Amino acid sequence: MKSRLNCMNEERYRELRCILQERREEIAGEVQNKIRTVRTEATHSGGRRLTDVSENSELDIQDDIEFALIQMKAETLARIAAALVRLEEGSYGYCYECGDEIANERLRVLPFAARCRSCEEVRETERTRQRVLAARSKAVSLCGAISG
Ligand SMILES: [Zn+2]
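Conventions used here
Residues numbered from 1 in each chain as written. Predicted model: local features only at pLDDT ≥ 70, side-chain atom pairs only at ≥ 80, totals over all residues. Heavy atoms only, no water. Helix = DSSP H or I, 4+ residues; strand = E, 2+ residues; numbered from the N terminus. Buried < 20%, exposed > 50% of the residue type's maximum accessible area, 1.4 Å probe, protein only. Contact = heavy atoms within 4.5 Å. Areas by Shrake-Rupley, 256 points an atom, 1.4 Å probe, with all protein chains shown as cover. Donors = N, O, S within 2.8 Å, 3.2 Å for Na, K, Ca; no water. Tetrahedral: all angles 85-135°; square planar, octahedral: opposite > 155°, others 65-115°. Core = buried A, V, L, I, M, F, W, Y, C linked by side-chain atoms within 4.5 Å. Salt bridge = Lys/Arg side-chain N within 4 Å of Asp/Glu carboxyl O. Phe/Tyr/Trp six-rings, centres within 6.5 Å; stacked < 30°, edge-to-face > 60°. Lys NZ or Arg CZ within 6 Å of the ring centre and 35° of its normal. pLDDT = per-residue confidence, 0-100. Patch = residues over 30% accessible without salt bridge, like charges linked within 9 Å, V, L, I, M, F, W, Y side chains within 5 Å.

Thoughts on the overall build of the chain
Summing up its helical and strand segments, the chain has six helices and zero strands in all. Counting all 148 residues of the chain, 22% fall into the buried class. The long-range fraction of contacts in the chain, counting pairs at least 24 apart against all pairs at least 6 apart in sequence, stands at 59%. As displayed, the chain offers around 10700 Å² of accessible surface, 55% of which is attributable to carbon and sulfur atoms.

Here's what the structure looks like:
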């Protein structure tokens with residue numbers, strides 16, 4: 001506990017914990033709502049499903065989408081739990097690249113941000129540059145394929 005307070009002040013720790021917990025409750029609520037909706041729909045459409053096969057498969061797809069959404073949210077919940085552990089350890093909220101504190105406002109929007117704004121911008125620029133280069137080399141090889 002002491003080591004955490006050495007590297008992060010109490011106020012920031014509380015605020016970050018608050019951000020993560022709020023997010024966790026929000027998503028947990030959404031997951032519960034979704035599960036409830038899926039269950040209600042399943043019982044309501046249970047009889048009808050047997051009569052129409054084409055509708056049945058359509059509903060199955062919808063169920064799959066719902067399920068995927070729930071799964072995605074469950075994964076987010078797991079990430080929040082991991083972030084809370086890292087917060088206790090004192091490693092959450094710091095830039096992966098330069099080690100600086102990531103602004104609370106940034107973490108509020110992007111709770112899993114691994115980099116501070118300036119490092120992220122550098123990374124984005126680099127990524128865009130590589131994408132352009134990749135697109136260019138692809139275009140070149142495409143031209144080569146056509147002419148050759
Ligand atoms: Zn940074």
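What about the coordination of the zinc ion?
Every protein donor of the zinc ion is listed here as Cys 95 (SG), Cys 98 (SG), Cys 116 (SG) and Cys 119 (SG), and their distances to the metal cover 2.3 Å. Classification of the site at the zinc ion rests on its four donor atoms, whose angles at the metal span 104 to 115 degrees, yielding the label tetrahedral. The motif formed by the donor residues of the zinc ion, counted along the single chain, is C-x2-C-x17-C-x2-C. One end of the pair, Cys 95, is in the loop between helix 4 (53–89) and helix 5 (104–109); the other, Cys 119, is in helix 6 (residues 117–147), with 24 residues separating them in the sequence. Taken individually, Cys 95 and Cys 119 each receive the classification buried, so the pair is uniform in this respect.

With respect to the nonpolar core
Membership of the largest hydrophobic core comes to 20 residues, with the highest contact counts inside it found for Met 8, Leu 16, Leu 20, Leu 87, Tyr 92 and Leu 107. The greatest single-element share of this core, amounting to six residues, is contributed by helix 2 (residues 10–44). Tyr 92 has contacts with Met 8, Leu 16, Leu 20, Ala 83, Arg 86, Leu 87, Leu 107 and Pro 111, leaving out every residue within four places of it along the chain.

Regarding the pattern of salt bridges
Under the criterion given, the structure shown has 10 salt bridges. With a shortest N-O distance of 3.6 Å, Glu 120 and Arg 106 are connected by a salt bridge. A residue pair is termed long-range when its members are at least 10 positions apart, and Glu 120 in helix 6 and Arg 106 in helix 5 qualify at 14 residues. It is possible to trace a salt-bridge network through shared partners that takes in Arg 106, Glu 120 and Arg 123.

Quick notes on the packing of aromatic side chains
Under the criterion given, the structure shown has zero aromatic pairs. Sitting above the plane of the Tyr 94 ring, Arg 12 keeps its charged end 5.7 Å from the centroid.

Some points on the confidence of the model for the chain
Confidence in the prediction for the chain averages 85 pLDDT; 85% of positions are at 70 or higher. Put simply, helix 1 (residues 2–7) is where the chain has its lowest mean pLDDT, 49, and helix 5 is where it has its highest, 94. Confidence drops under a pLDDT of 50 for residues 1–5, and excluding neighbours within four residues, the segment shows seven contacts in the predicted structure.

A short note on the side chain of Arg 106
You can call Arg 106 buried: its relative accessible area is 10%. Contacts of Arg 106, omitting those with residues within four sequence positions, involve Ala 113, Arg 115, Cys 116, Arg 117 and Glu 120.

Brief notes about a nonpolar patch on the surface
Taken together, the side chains of Ile 61, Ile 65, Leu 69 and Met 72 present a nonpolar region at the surface, about 380 Å² in accessible area. Here Met 72 is to be found in helix 4.

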